[in-house]
Amino acid sequence: PPRLAPSEGAKLAAKLRTLSMSPTESFRPSGLKDEWTPTSWQAKPIQQDVVYDDAEAVEKALEKLESLPPLVTPHEINKLREKLKDAAEGNAFVLQGGDCAELFNYCTQEAIEGRLRILLQMSMVLVWGLKLPIIRIGRIAGQFAKPRSKLTEMIQGQEYPSFRGDNINGYELEDRTPDPARLVSAYFHSAATLNYIRGAIASGFADLRRSFDWDFSHVQSFATRTRYEEVADSISEMLQFMHTVGADHSQQLNTVDFFTSHEGLHLEYEQSLTRKLKDGYSTDSTSFYDTSTHFLWIGDRTRQIDGAHVEFFRGIRNPIGVKVGPSMKDSELVDLLNIVDPNFETGRVTLITRYGCTKIKDHLSSQIEAVRNSGHKVVWMVDPCHGNTKVSPKTELKTRYLADILSELQQALEIHSQNNSRVSGVHLELTGDAVTECIGGSEGLEDEDLVIRYLTVCDPRLSSNQSLDAAFLIADWFKK
Ligand code: PEP
Ligand code: MN
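Residues numbered from 1 in each chain as written. Chains lettered and ligands numbered in written order. Predicted model: local features only at pLDDT ≥ 70, side-chain atom pairs only at ≥ 80, totals over all residues.

The protein is annotated in an unreviewed UniProt entry as Phospho-2-dehydro-3-deoxyheptonate aldolase of Tortispora caseinolytica NRRL Y-17796. Of the protein, the UniProt comment under Sequence similarities (unreviewed entry) reads exactly: "Belongs to the class-II DAHP synthase family." Entered under Pathway (unreviewed entry) in the UniProt record, the comment concerning the protein runs "Metabolic intermediate biosynthesis; chorismate biosynthesis; chorismate from D-erythrose 4-phosphate and phosphoenolpyruvate: step 1/7." (UniProt positions renumbered as here; feature names shortened; annotations may be inferred.)

A. How the structure looks around the site of ligand 1. The environment of ligand 1 is made up of Cys100, Pro147, Glu263, Gly299, Asp300, Arg301, Lys323, Arg354, His386 and Asp459. Residues that form the shell around ligand 1 fall into these classes: two nonpolar, two polar and six charged. (Near = placed C-beta within 6 Å. Nonpolar A, V, L, I, M, F, W, Y, C, P; charged D, E, K, R; others polar.)

B. How the structure looks around the UniProt feature "binding site: phosphoenolpyruvate" (unreviewed entry) in the protein. Residues annotated by UniProt as "binding site: phosphoenolpyruvate" (unreviewed entry) correspond here to Arg139 and Lys323. Judged by maximum C-alpha separation, these annotated positions cover 185 residues in sequence but sit close together in space, the widest gap being only 14.2 Å. Looking at where Arg139 falls in the secondary structure, it is placed in strand β2 (residues 134-139). For Arg139, the residues in contact, after removing those within four places along its chain, are Gln96, Gly97, Gly98, Asp99, Ser261 and His262. Here Lys323 is to be found in strand β9 (residues 320-324). What Lys323 contacts, discounting residues up to four positions off in sequence, is Trp297, Ile298, Gly299, Asp300, Arg303, Ile352, Arg354 and Asp383. (Helix = DSSP H or I, 4+ residues; strand = E, 2+ residues; numbered from the N terminus. Contact = placed C-beta atoms within 7 Å.)

C. Highlighting unusual backbone geometry. Phi is positive for Ala141, which is not a glycine, with a value near 60 degrees. With respect to the helices and strands, the residue Ala141 is situated in the loop between β2 and β3 (152-155). Here Ala141 falls in the buried class, since 30 other C-beta atoms lie within 10 Å of it. For Phe344, which is not glycine, the phi dihedral falls at a positive 50 degrees. (Buried ≥ 20, exposed ≤ 12 C-beta atoms within 10 Å, placed from the backbone.)

D. Region of the structure containing the nonpolar core. The biggest cluster of nonpolar side chains holds 100 residues, and the ones touching the most others in it are Val125, Leu126, Val322, Leu409, Ala470 and Ala471. The element that contributes the greatest number of residues to this core is helix α4 (residues 109-130), accounting for ten residues. (Core = buried A, V, L, I, M, F, W, Y, C linked by C-beta atoms within 7 Å.)

E. View of the UniProt feature "binding site: Mn(2+)" (unreviewed entry) in the protein. The feature "binding site: Mn(2+)" (unreviewed entry), as annotated in UniProt, sits at Cys100, Arg354, His386, Glu429 and Asp459 in this numbering. The largest pairwise C-alpha distance within this set of annotated residues, which runs over 360 residues, is 14.3 Å, so the set is compact in three dimensions. Mapped onto the elements, Arg354 comes out in the loop between β10 (349-353) and α11 (360-374). Its 22 C-beta neighbours within 10 Å are what place Arg354 among the buried residues. Setting aside chain neighbours within four positions, we find Arg354 in contact with Asp300, Lys323, Val324, Gly325, Asp383, His386 and Gly387. Of note, Asp459 is situated in the loop between β14 (425-429) and α13 (464-479). A tally of 18 C-beta atoms within 10 Å means that Asp459 is categorised as partly exposed. In this view, Asp459 contacts Cys100, Thr389, Lys398 and Glu429; residues no more than four positions away in its chain are not counted.

F. Geometry of α11. For α11, which comprises 15 residues, the first-to-last C-alpha distance of 21 Å matches the rise-based estimate of 21 Å (1.5 Å per residue) to within 8%. Every buried residue of α11 is accounted for by Ile360, His363, Leu364, Gln367, Ile368 and Val371. For α11, the angular spread of the buried residues around the axis is 125 degrees, confining them to a single face. In this structure, α11 carries Asp362 and Asn373 as exposed residues pointing more than 90 degrees from its buried face. Tucked inside the fold, the buried residues of α11 contact β9, α10 (330-340), β10 and α12 (402-418). After α11 finishes, the residue Gly375 shows a positive phi value of roughly 90 degrees. (Expected span 1.5 Å × (residues − 1). Arc of directions from axis to C-beta.)

Here it is, written out as structure tokens:
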């Protein structure tokens, strides 16, 4: 093709820039500007990358993943997209929760049922308080890869690679070398977990009249216990009423929608499950879907504007989340939204804010304002856990104070309301078990209690009782 002299080319480029480009857009040859493929992220700088010893074994694992069927379908992903649009418009509320690091050995009937049960119970409290549909999303069936602030840790005077999640390396000290075979294992553990969730729900596990044997005997304060019992009674009455008038013959009460999610951290894994698929079985239009899960989010450590993760996320049709920590600048947030939500789709992006209970007041208002002015219609979700992680003074275990968590939640509700905005979701690290990883709550866990059942391999999770405390706080806010 005829080439322009360099000076001519530069002049033309400058002219085009002033004619058609917005100030933030850099000039690139036409056609190349927006090119995206499931592997285009590989040309970008990446954080939290995993380096494997055996390139051939990685190739083999990815080839296997590419041959396996989708874990979730476009139909399901699109259904969640529609629901998140409702949430962005204030007509639904999202409850997202689960483990910090899901382990392969949480893939048991008991562990899956425990996690489902607490999320269902919390969602009933929220339905009661908000009178809105609740969108339930588990951090489950794939929440394996973990970003770490340090790549190694000292254990009994010796340095080991940090645990980076079950799909990368193992928690046991002898398993800390990244093993690509774990990626295939992650797929099958996700599949088994998802299969049981689908089966249990289709078989009536979520029958709301059945799964609520409320027990508040742990609640130490008499006033709080009385309040919880009143709410549980009115939920039961509500369900009984629907039964009496026959409303529970509809599918609605016996079965619920439940979606899965995880942090989209390990991009080779995500890329292998990203497929160009029809948007539904009866249409010819297609999009790229990451079929590893319904909803993925970008972590606070991997959200660089020009980085690999943002590049990957911008091309997938799934609804996505972005964690927003205190280091996020308002302008950076808007630049990021312009990249991952170029078509300004209501509810495509969920902003999951996690500043910490002492910092939220310095950041949230101006970010609400910046996003409003940008024109992007997001779901505002609060993650009151990740900005509030501390080391316990007595046990030196990583912990969180429920008081801090509830304080960030409460402040988020107030700040949104003062800014004519609305919290439309909550994101919590929790488990269905009676663990002792966070301090406080209605059962009165204290610092020295942490050692009793401290089971997490990553961040501290709310126990099922503490999770209900959080649900009651949100429900009470909207009720009044
Ligand atoms: C997490 O959700 O487990 C996590 C690491 O969060 P963040 O990216 O917000 O730190
Ligand atoms: Mn975590």
